[in-house]
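Listed below, chain by chain, are the residues.
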Amino acid sequence: MNIALFASAFFPSLGGVEELCRQLAHALVRQGHGVVVLTNRWPRDLPASENYEGIPVYRLPFRLPEGSAKAFFNYHATHRRIERDMLFTLRQHKIDLLHVQCVSSNARYALIAQKRLRLPLVVTLHGELTMDATGLYQRSERARGILRQALTAADAVTACSARTLADAQEFYDFFGQPLGPKASVIYNGVDLTEFAGVAPYRHSGQYMFAIGRHVRQKGFDILLRAYAGAALPGRDLLLAGDGPEKGSLEKLAAELGLGSQVHFLGRTDRKTTASLFAGCEWFVLPSREEPFGIVNLEAMAAGKAIIATRVGGVPEIVADGVNGILVEKENVAALAAALRQLAGNPAQRAQLGAAGRTRAQQFAWPNIAERYAAVYTAAGG
């Protein structure tokens, strides 16, 4: 089967959806399928096409007829050429099935391709209604309309967690259209080999680790306040990632007197990320919203204990007291207490980490890819 992944974002952008698409593409290729990635060309100076890790990637300016007068003009001046280039690419690769990963402007163009080429369409949801840092679905009727159209037209709908699927069903039910049996949950996967035999990150002392986009939903401001309240001398906090709130987080760390204890690492590549997991004492995910949390799986694959907030799809992966500790979101005192608990209990850290490593086996990519392949077949691919 030849599959076109319509990704809302892809390399060099980094994030959960980007990593999911990268891993899924490789897993499908290992199963014998052909895969191409089509994604939005942003920033515009990125190459229109390239071969990334053996996967053909095509970047098209997936414009929408909204926004400024300039954006409106650019859409009407270019959208026919963009559609033509997209259809040429799909025909060139003899695509059998379209798969939207995270609904954005990419979905609108996938819908055009579905209609023009009469191909089956699979739509995978990643918390669009809660996780967009700009509140796109709260402020844009067009975005909500694209999501409705995608859910209606899809031959199959999958979601990264039961919570995400429930949110989508609630959104869709508002219009009296249940998703029904075409909808299912397929959890995100993890490449266990990336975390096997990895040398620990070289740091001057012991550290806990957190990683993610520096946006409000990720709750890193709550983590900084909890870390300050926990008072754990000799244990640093290493925070990887980037985003619009990085400056304010660095300012908050300084205001809390954590300048020498919190290390902002910026964007890290996959090899460095794996070594950071390998070297940490435990991992923290302090999110206000989280449809799934691939980083939890990565921590488990590395055999590390987890502290996470009880939000979104996280409790479906992290079992409180079994492979991690769950706290309520935005509860600084509870998060600080959990940090102190793990700091003072190495045996518990080891127990939670071992259970997590076992749990991660269920999310190995060969298993997840088989589930997607079954959905493709049922959708008519």
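Anything mentioned here points back to the structure above.
Just so you know, these numbers come straight off a predicted model, no measurement behind them.

Reading the values: rules and limits
Residues numbered from 1 in each chain as written. Predicted model: local features only at pLDDT ≥ 70, side-chain atom pairs only at ≥ 80, totals over all residues. Heavy atoms only, no water. Axes fitted to C-alpha atoms, helices over the stretch in contact; angles between N-to-C directions. Helix = DSSP H or I, 4+ residues; strand = E, 2+ residues; numbered from the N terminus. Left-handed = near helix turned anticlockwise from the far one by under 90°. Contact = heavy atoms within 4.5 Å. Nonpolar A, V, L, I, M, F, W, Y, C, P; charged D, E, K, R; others polar. Pairing = 2+ DSSP bridges. Expected span 1.5 Å × (residues − 1). Buried < 20%, exposed > 50% of the residue type's maximum accessible area, 1.4 Å probe, protein only. Arc of directions from axis to C-beta. Core = buried A, V, L, I, M, F, W, Y, C linked by side-chain atoms within 4.5 Å. 1 Å grid on protein atoms, 1.4 Å probe; cavity = no way out; pocket = protein on both sides within 12 Å on 5 of 7 lines; lining within 4 Å. Points joined across faces, edges and corners; volume = space filled by probe spheres on them.

Visitor: Hey, could you go over the packing of helix 3 (residues 105-117) against helix 6 (residues 141-153) for me, with residue numbers and the actual values?
Guide: The contact between helix 3 and helix 6 brings their axes to 9 Å, and the two run at 35°. Where helix 3 crosses over helix 6, the two elements pack in a sense that is left-handed. Packed against helix 3, whose contacting residues are A107, R108, L111 and Q114, the element helix 6 presents I146, Q149, A150 and A153 at the interface. Residues that form the contact of helix 3 with helix 6 fall into these classes: five nonpolar, two polar and one charged.

Visitor: Explain the sheet that holds strand 2 (residues 34-40) to me, and be specific about the residues and the numbers.
Guide: Reading across the sheet, the eight strands line up as 3-4-2-1-5-6-7-8 and stay open at both edges, with mixed pairing between neighbours. Here the strands that pair on one side only, and so sit at the sheet edges, are strand 3 (49-52) and strand 8 (183-185). Between one strand axis and the next, the sheet turns by 25° as a mean value, whatever way the strands run. Of the strand pairs in this sheet, strand 7 (residues 156-159) and strand 8 are connected by three bridges, and their pairing is parallel. For V157, the partnering residue across the bridge sits in strand 8 and is A183. Sheet strands touched by helix 3: strand 1 (2-7), strand 5 (97-101) and strand 6 (121-125). Its angle to strand 5, the strand with the most contacts, is close to 165°.

Visitor: Give a detailed account of helix 7 (residues 162-173), specifying residues and quantitative values.
Guide: Under the 1.5 Å per step criterion, the end-to-end length of helix 7 is 16 Å for twelve residues, consistent within 8% with the ideal 16 Å. Listing the buried residues of helix 7 in full gives T164, L165, A168, F171 and Y172. Along the long axis of helix 7, the arc covered by the buried residues comes to 120°, so they all point the same way.

Visitor: Outline the nonpolar core, listing residues and values.
Guide: In terms of nonpolar packing, the biggest core is built from 59 residues, with L5, F209, F277, F283 and Y376 touching the most fellow members. Setting aside anything within four residues of it in sequence, one finds F283 in contact with F209, A210, I211, F277, V295, N296, A299, A305, I306 and I307. With 44 residues, the next largest nonpolar core counts V103, L136, L147 and A150 among its residues.

Visitor: Which residues make up helix 1 (residues 16-30), and what are the values?
Guide: Compared with the 21 Å implied by 1.5 Å per residue over 15 residues, the 21 Å span of helix 1 between its first and last C-alpha is a close match. The buried count for helix 1 comes to twelve of 15 residues, which makes it a mostly enclosed element. When we look at burial in helix 1, the residues that qualify are V17, E18, E19, L20, C21, R22, Q23, L24, A25, H26, A27 and L28. G32 occupies a position one or two residues after helix 1 and carries a positive phi of about 100°.

Visitor: Which residues make up empty space enclosed by the protein, and what values go with them?
Guide: Applying the stated rule across the entire model yields one cavity of 30 Å³ or more. Considered as a void within the structure, the largest cavity measures approximately 70 Å³ in volume. In this structure, the largest cavity is lined by L125, G127, E128, L129, T130, L147, T164, D167 and A168. For the lining of the largest cavity, the secondary-structure elements that each account for two or more residues are helix 4 (128-131) and helix 7. Split into classes, the residues belonging to the lining of the largest cavity amount to four nonpolar, three polar and two charged.

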